[in-house]
Amino acid sequence: MEPQVTDRPEKSRYEVLAGEDPAETAGFAEYHLSEGEIAFIHTEIDSRFAGQGLAGLMARRALDDARARGLSVLPYCPFIRGWIGKHPEYTDLVPEARRARFGL
């Protein structure tokens, strides 16, 4: 099964599902949503799924969703912050006045 990323607003996190049918929750990216902003707090991938690129896939899909929703991104999570640093086409999601605080 192809990995899937889904927003679970009732849990305040994006989840990546992977593995055989039925798919399992392989990881998640927790967030706090407030007016016009999404703050990413923590990202975690189950060790059984490590090294498969699932965290990066989840980061891309979550950030694409934030862009589509017109949300500013606050990358408190070190993984999301580092991922944005490696993919500068997403830097514009972080408010310019706050980029220095995140090293972007």
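Here the structure is shown first, and the text comes after it.
Predicted, not measured: the structure shown is a model, and the values here were computed from it.

> I'm lost on the overall build of the protein chain in this one. Help?
Each helix and strand in the protein chain was counted, giving two helices and five strands. Counting from the amino terminus, helix and strand elements in the protein chain follow one another as β-β-β-β-α-β-α. Taken against the 2.2 N^0.38 rule, which gives 13 Å for 104 residues, the C-alpha radius of gyration of the protein chain at 13 Å falls within 12% of a compact globule. Considering only C-alpha atoms, the protein chain reaches an extent of 45 × 25 × 20 Å along its principal axes. The contacts in the protein chain between residues at least 6 apart in sequence include a share of 40% that link residues at least 24 apart. One way to put it: in the protein chain the 13 positive side-chain charges average out to a point 5 Å from where the 17 negative ones average out.

> I keep staring at the sheet that holds strand β3 (residues 24-34) and nothing clicks. Help me out?
Backbone hydrogen bonds are what pair the strands of a sheet, in a parallel or an antiparallel way. Strand order in the open sheet formed by five strands is β1-β2-β3-β4-β5, and the pairing between neighbours is mixed. At either margin of the open sheet sits one strand with a lone partner, and together these are β1 (4-8) and β5 (72-75). For this sheet the average axis-to-axis angle between neighbouring strands, irrespective of direction, equals 30°. Of the strand pairs in this sheet, strand β4 (residues 37-45) and β5 are connected by four bridges, and their pairing is parallel. Each residue of the ladder has a partner; that of glutamate 37, found in β5, is serine 72. Against the sheet, helix α2 (residues 78-86) makes contact with β4 and β5, and its axis sits at roughly 115° relative to β5, the strand it touches most.

> Help me understand the nonpolar core, please; the structure alone is not making it clear to me.
One recurring pattern in soluble globular proteins is that nonpolar side chains are buried together. Counting 27 residues, the largest nonpolar core has Tyr14, Ile38, Phe40, Leu63, Val73 and Ile84 as its most contacted members. The greatest single-element share of this core, amounting to six residues, is contributed by helix α1 (residues 54-68). In this structure leucine 63 touches Phe40, Val73, Trp83, Ile84, Tyr90 and Leu93, once residues within four positions along its chain are discounted.

> Please clarify how α2 should be interpreted in this entry.
Taken together, the buried positions of α2 are Ile80, Trp83 and Ile84. For α2, the angular spread of buried residues about the axis comes to 100°, placing them on one side. Set apart from the buried face of α2 by more than 90 degrees, the exposed residues are Pro78 and Lys86. Turning to α2, the residues buried within the fold contact β4, α1 and β5.

Conventions we followed
Residues numbered from 1 in each chain as written. Predicted model: local features only at pLDDT ≥ 70, side-chain atom pairs only at ≥ 80, totals over all residues. Heavy atoms only, no water. Helix = DSSP H or I, 4+ residues; strand = E, 2+ residues; numbered from the N terminus. Rg over C-alpha atoms; globule rule 2.2 N^0.38 Å. Contact = heavy atoms within 4.5 Å. Lys, Arg positive; Asp, Glu negative; His and termini not counted. Charge placed at Lys NZ, Arg CZ, Asp CG, Glu CD. Pairing = 2+ DSSP bridges. Axes fitted to C-alpha atoms, helices over the stretch in contact; angles between N-to-C directions. Core = buried A, V, L, I, M, F, W, Y, C linked by side-chain atoms within 4.5 Å. Buried < 20%, exposed > 50% of the residue type's maximum accessible area, 1.4 Å probe, protein only. Arc of directions from axis to C-beta.

Remember, this is a structural readout, not a statement about activity or role.
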